[in-house]
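# Topology and contacts: notes
The chain contents come next:
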Amino acid sequence: MKLWMHIENIVCNPKYIYYRKHEGTVMQTNDRQITDLMKSIDNGTTQLPDFQRGWVWDDNRIRALIASITNNFPVGAAMFLEYGNTNIRFKYRVIEGSPAKDIAPSELILDGQQRLTSIYSSLYNPNPVHTRTDKGKDIKRFYYIDIEKALDSATDRVDAIISIPETRLITSNFGRDIELDLSTPDKEYEHKLFPLNIILDNSKTFIWMQNYMAYHNNDATIVQEWMNFQGNIIMPVFQYKIPVILLDKNTPKEAVCQVFENVNTGGVSLTVFELITAVFAMDDFELRKDWEQRKNAYFNGDLLSIISATDFLTACTLLSTYQKGGTVSCKKKDVLNLTLDEYQKYADDLTNGFVEAEKILQEERIFSSKDLPYSTQFIPLAVLCTILSKNNQIKTTTIKNKIKQWYWCGVFGEMYGSANETRYVLDVVGVMDWISDDTKVPKTVQDSYFNPTRLLSLQSRLSAAYKGIMALILKNHCQDFISGREMDFSVYKAENIDIHHIFPKDYCEKQKYDKAKWNSVINKTPITYSTNREIGGVAPSVYLTKIENKGQVSSDILDTYLTTHWIDVVSCRNDNFQEHIIKRAKMLLNAIEKATGKSISGRDSEDVVNAFGGKLS
């Protein structure tokens with residue numbers, strides 16, 4: 001079994017298996033009768049934790065599931081959690097259709113919700129099954145099995161499973177013509193269609209069988225056919241077993257979350273947020289509602305919309321553990337141990353911290369989530385802004401400059417690609433120490449390093465450093481080539497700013513320039529849509545002259561606009577591509593040095609000279 005490969009001891013037994021992760025935590029596996037499982041769902045002994053969302057199986061998938069069960073094929077194991085641990089107080093709810101009310105469960109379903117709900121609804125519950133078409137339209141259905149087709153080995157079993165509307169009528173011609181009528185038991189007997197929602201009830205099946213025989217005047221052929229149907233279909237279904245893995249009530253929350261993620265790869269994944277929502281619900285706190293209100297009020301802009309509920313909880317845990325003064329941590333197990341009191345204490349301040357972080361990013365000319373170098377770095381940035389909101393420290397220039405320097409070191413050092421929870425802690429603790437003592441430089445600032453040759457490999461906005469360079473160009477108050485308008489927030493939003501080539505792609509390809517150079521960040525800059533159309537696919541000297549001849553801007557002013565993009569005017573006007581690459585690379589490296597506060601070594605190295613065709617000092 002691929003689950004819990006790291007579990008230390010596995011003790012096998014013919015009836016069940018115990019998996020021990022540590023003392024007191026047990027995972028037990030055994031087979032359960034389908035009838036017992038359905039009864040426990042019906043009477044509320046088995047329920048769902050509130051983090052389990054609505055079941056989503058469509059009509060065809062339910063038919064396929066029923067076909068598998070009537071063929072005695074396995075349909076996969078279910079996983080339950082024994083209920084009763086005071087440390088894991090999940091709010092619970094009954095499976096859709098169960099009549100149970102005000103009953104505390106003995107077990108909660110962690111995995112197998114869709115299968116068990118489908119089985120319960122179609123093979124046990126008397127009401128129509130709430131499902132949907134393959135196009136997502138909500139429908140209600142009853143399921144029947146065609147007795148003759150079920151006994152015909154040449155017929156695929158799924159073709160013997162009939163889905164009927166809740167009216168028990170199949171119609172055509174917009175409801176005018178009735179194709180199949182099962183609205184009365186006699187109609188069922190006539191068409192030899194057995195209602196599957198009584199197949200697990202012996203007494204109801206017996207009564208249906210007696211009336212079925214009587215309808216057909218106890219015809220010997222019918223009796224024999226029924227006996228075959230009962231022996232080959234009904235009895236195997238009645239005796240069908242489903243493997244159930246049972247986690248005992250001492251299983252810790254992080255284990256529940258991890259197990260759920262491992263076993264539920266085919267369904268809706270469980271997030272930390274879902275789990276904490278169920279925990280907080282036991283204290284009548286609706287975390288989902290709180291987050292939705294918070295998101296609608298504060299996290300709906302181009303930048304903050306990227307923050308997820310789990311991101312917010314991670315940040316809240318990081319803030320909470322920092323403020324406690326002990327060990328600072330925000331790994332999954334720490335987030336799962338976040339208390340409602342801690343959440344309520346810090347959530348509002350943290351929200352304001354995220355808003356302040358957004359303002360800082362906008363000051364650095366990062367205006368939208370698609371241009372955000374690292375969404376993950378937003379978390380420690382917001383936590384730092386929250387901590388430093390005390391006495392408006394975050395508004396002071398010296399502190400804000402350190403925050404910005406740390407931020408750009410993270411971007412150009414490309415520090416936030418992995419193992420982020422550990423870096424969150426190092427950065428929050430490290431930056432706060434740095435603010436108090438200039439000699440205590442945080443690890444991200446210390447470790448940040450940018451190789452000059454990296455400029456050539458930055459080919460698309462998938463790279464954090466690529467996005468960072470574009471933000472620095474915008475921060476340099478770059479101006480549109482034609483209008484001269486500075487590309488601030490209002491222009492960025494209104495003028496459809498995007499990133500385009502300075503020496504156009506078509507021109508470079510015709511000249512057979514090295515793509516590693518012409519398609520790199522060195523040859524790109526933010527330009528408005530309308531200006532890019534004017535540029536076209538011609539040499540820079542041509543499109544610059546074209547702009548001037550149209551009377552849109554004079555030559556000397558246009559040159560000034562180009563310099564705001566760190567574009568060398570002479571090399572562009574002379575169509576000197578190689579000189580353009582060298583000079584712009586130098587200017588971009590200077591900008592990175594200024595943002596990070598760190599000098600870039602190796603500008604004159606052999607690797608740099610070979611890659612660029614010249615030195616970058």
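Please read these numbers as outputs of a predicted model, since none were measured by experiment. (Residues numbered from 1 in each chain as written. Predicted model: local features only at pLDDT ≥ 70, side-chain atom pairs only at ≥ 80, totals over all residues. Heavy atoms only, no water.)

## Describing the overall build of the protein chain
For the protein chain, the count of helices and strands is 29 helices and 16 strands. For the protein chain, the C-alpha radius of gyration of 33 Å lies well beyond 25 Å, the compact-globule estimate for 617 residues. If one aligns the C-alpha atoms of the protein chain with their principal axes, the spans along those axes are about 105 × 60 × 45 Å. Here the protein chain, with 617 residues, has 51% of them falling under the buried criterion. In the protein chain, the proportion of contacts linking residues at least 24 apart, taken out of those at least 6 apart, comes to 70%. (Helix = DSSP H or I, 4+ residues; strand = E, 2+ residues; numbered from the N terminus. Rg over C-alpha atoms; globule rule 2.2 N^0.38 Å. Buried < 20%, exposed > 50% of the residue type's maximum accessible area, 1.4 Å probe, protein only. Contact = heavy atoms within 4.5 Å.)

## A closer look at the environment of Lys 91
Relative to the helices and strands, Lys 91 resides in the loop between strand S5 (78-82) and strand S6 (92-93). With 187 residues separating them along the chain, Lys 91 and Ala 278 place their C-alpha atoms 5.2 Å apart. Those residues in contact with Lys 91 that sit more than four places away from it in its chain are Leu 48, Pro 49, Asp 50, Ala 278, Ala 281 and Met 282.

## Notes on helix H28 (residues 577-596)
In this model, H28 (20 residues) spans 28 Å end to end at C-alpha, consistent with the 28 Å of a helix rising 1.5 Å per residue. Inspection of H28 places Phe 577, His 580, Ile 581, Ile 582, Arg 584, Ala 585, Leu 588, Leu 589, Ala 591, Ile 592, Ala 595 and Thr 596 among the buried residues, and these make up the whole buried set. Positive phi shows up at Gly 597, right after H28, with a value of about 70 degrees. (Expected span 1.5 Å × (residues − 1).)

## As for unusual backbone geometry
Here the phi dihedral of Lys 192 falls at roughly 55 degrees; this positive angle occurs in a residue that is not glycine. Looking at where Lys 192 falls in the secondary structure, it is placed in the loop between helix H6 (185-191) and strand S13 (193-195). On the basis of relative accessibility, which here comes to 15%, the residue Lys 192 falls in the buried class. For Asp 284, which is not glycine, the phi dihedral falls at a positive 60 degrees. Topologically, Asp 284 is positioned in the loop between helix H10 (272-281) and helix H11 (287-298).

## So, the pairing of strand S4 (residues 46-49)
In this structure, S4 lies alongside strand S7 (residues 107-111), joined through 2 bridges in parallel fashion. Pairing of Gln 47 across the sheet is with Leu 108, part of S7. In this sheet, S6 lies alongside S4 in antiparallel orientation, the contact comprising 2 bridges. Looking across to S6, one finds that Leu 48 is bridged to Arg 93. (Pairing = 2+ DSSP bridges.)

## Things to note about the pattern of salt bridges
Inspection of the entire model under this criterion finds 27 salt bridges. Residues Asp 334 and Lys 333 are paired through a salt bridge, measuring 3.4 Å at the closest nitrogen-oxygen approach. Measuring nitrogen to oxygen at the nearest pair gives 3.5 Å for the salt bridge that ties Glu 593 to Arg 603. In this pair, Glu 593 sits in helix H28 while Arg 603 sits in the loop between H28 and helix H29 (606-612), placing the two residues 10 residues apart along the sequence. Assessed through its relative accessible area of 21%, Glu 593 is described here as partly exposed. (Salt bridge = Lys/Arg side-chain N within 4 Å of Asp/Glu carboxyl O.)

## Comments concerning the packing of aromatic side chains
What the rule picks out here adds up to 33 aromatic pairs. Both rings, one in Trp 406 and one in Tyr 407, keep their centres 6.4 Å apart while their planes meet at 70 degrees; by these two values the pair is edge-to-face. The class for Tyr 407 is buried, based on a relative accessible area of 4%. These aromatic residues form a ring-pair network of at least three members: Phe 280, Phe 285, Trp 291, Phe 299, Phe 312, Tyr 343, Phe 354 and Phe 378. Above the face of the Phe 142 ring, Arg 168 is positioned so that its terminal group lies 3.7 Å from the ring centre. (Phe/Tyr/Trp six-rings, centres within 6.5 Å; stacked < 30°, edge-to-face > 60°. Lys NZ or Arg CZ within 6 Å of the ring centre and 35° of its normal.)

## Thoughts on the pairing of strand S9 (residues 138-146)
On any regular strand, side chains alternate: one points to one face of the sheet, the next to the other face. Extensive coverage of S9 is indicated by the burial of 7 of its 9 residues. Hairpin connection between strand S8 (residues 129-132) and S9: a loop of 5 residues separates the two successive antiparallel strands, and Gly 136 in this loop has a positive phi of roughly 90 degrees. Bridging between S9 and strand S10 (residues 161-165) involves 5 bridges; their strand directions are antiparallel. Its bridge partner being in S10, Arg 141 is matched across the sheet by Pro 165. Across 3 bridges, S9 lies against S13 in antiparallel orientation. Bridge pairing in S13 places Tyr 144 opposite Pro 195.

## A short note on the packing of helix H16 (residues 397-412) against helix H20 (residues 464-475)
For the pair H16 and H20, interaxial distance at closest approach is 8 Å and the crossing angle is 135 degrees. By the angle between their directions, the pair H16 and H20 is classed as oblique. Judged by residue contacts, Trp 408, Val 411 and Phe 412 of H16 engage Ala 464, Ala 465, Gly 468, Ile 469, Ala 471 and Leu 472 from H20. When the residues that make up the contact of H16 with H20 are grouped by side-chain class, the tally is 8 nonpolar, 1 polar and no charged. (Axes fitted to C-alpha atoms, helices over the stretch in contact; angles between N-to-C directions. Parallel < 35°, antiparallel > 145°, perpendicular 65-115°, else oblique. Nonpolar A, V, L, I, M, F, W, Y, C, P; charged D, E, K, R; others polar.)

## Quick look at the environment of Val 521
Looking at the secondary structure, you find Val 521 in the loop between helix H23 (515-518) and strand S16 (524-527). A sequence separation of 54 residues divides Val 521 from Lys 467, and the C-alpha atoms of the two residues are 9.2 Å apart. Leaving out residues up to four positions away in the same chain, Val 521 has contacts with Leu 455, Leu 458, Tyr 466, Ile 469, Met 470, Arg 584 and Leu 588.

## With respect to the packing of H16 against helix H17 (residues 420-436)
It is the contact of H16 with H17, at a shortest axis distance of 10 Å, that shows an interaxial angle of 145 degrees. Handedness of the H16/H17 crossing: right-handed. Listed contacts from H17 to Ile 399, Lys 402, Ile 403, Gln 405 and Trp 406 of H16 are Asp 427, Val 431, Trp 434 and Ile 435. (Left-handed = near helix turned anticlockwise from the far one by under 90°.)

## Section: the nonpolar core
Judged by nonpolar contacts, the single largest core of 130 residues is most densely connected at Tyr 343, Phe 354, Ile 403, Trp 406, Leu 455 and Phe 612. Apart from residues lying up to four places away in sequence, Phe 354 is in contact with Phe 299, Leu 304, Ile 307, Phe 312, Ala 315, Phe 378 and Ala 382. Listed in part, the 47 residues of the second largest apolar core include Val 75, Ile 95, Ile 145 and Val 244. (Core = buried A, V, L, I, M, F, W, Y, C linked by side-chain atoms within 4.5 Å.)

## So, the confidence of the model for the protein chain
Here the protein chain averages 90 in pLDDT, while 92% of its residues score no lower than 70. Predicted confidence in the protein chain is weakest over strand S1 (residues 9-12), with a mean pLDDT of 32, and strongest over S13, with 98. In this model residues 1-25 is a low-confidence stretch, pLDDT under 50, and it forms 51 contacts with partners more than four residues away in sequence or in other chains. (pLDDT = per-residue confidence, 0-100.)

## Points about the environment of Lys 359
Note on placement: Lys 359 falls in helix H14 (residues 340-363). Remark: the alpha-carbon pair of Lys 359 and Leu 303, spanning 56 residues in sequence, is separated by 9.7 Å.

## A look at helix H25 (residues 540-549)
Taken as a whole, H25 has its buried residues at Pro 540, Tyr 543, Leu 544 and Ile 547. When H25 is viewed along its axis, its buried side chains cluster within an angular range of 100 degrees and face the same direction. At its buried positions, H25 is contacted by helix H22 (505-511), helix H24 (529-535), helix H26 (555-563) and helix H27 (569-573). Backbone geometry just after H25 places Gly 551 at a positive phi near 75 degrees. (Arc of directions from axis to C-beta.)

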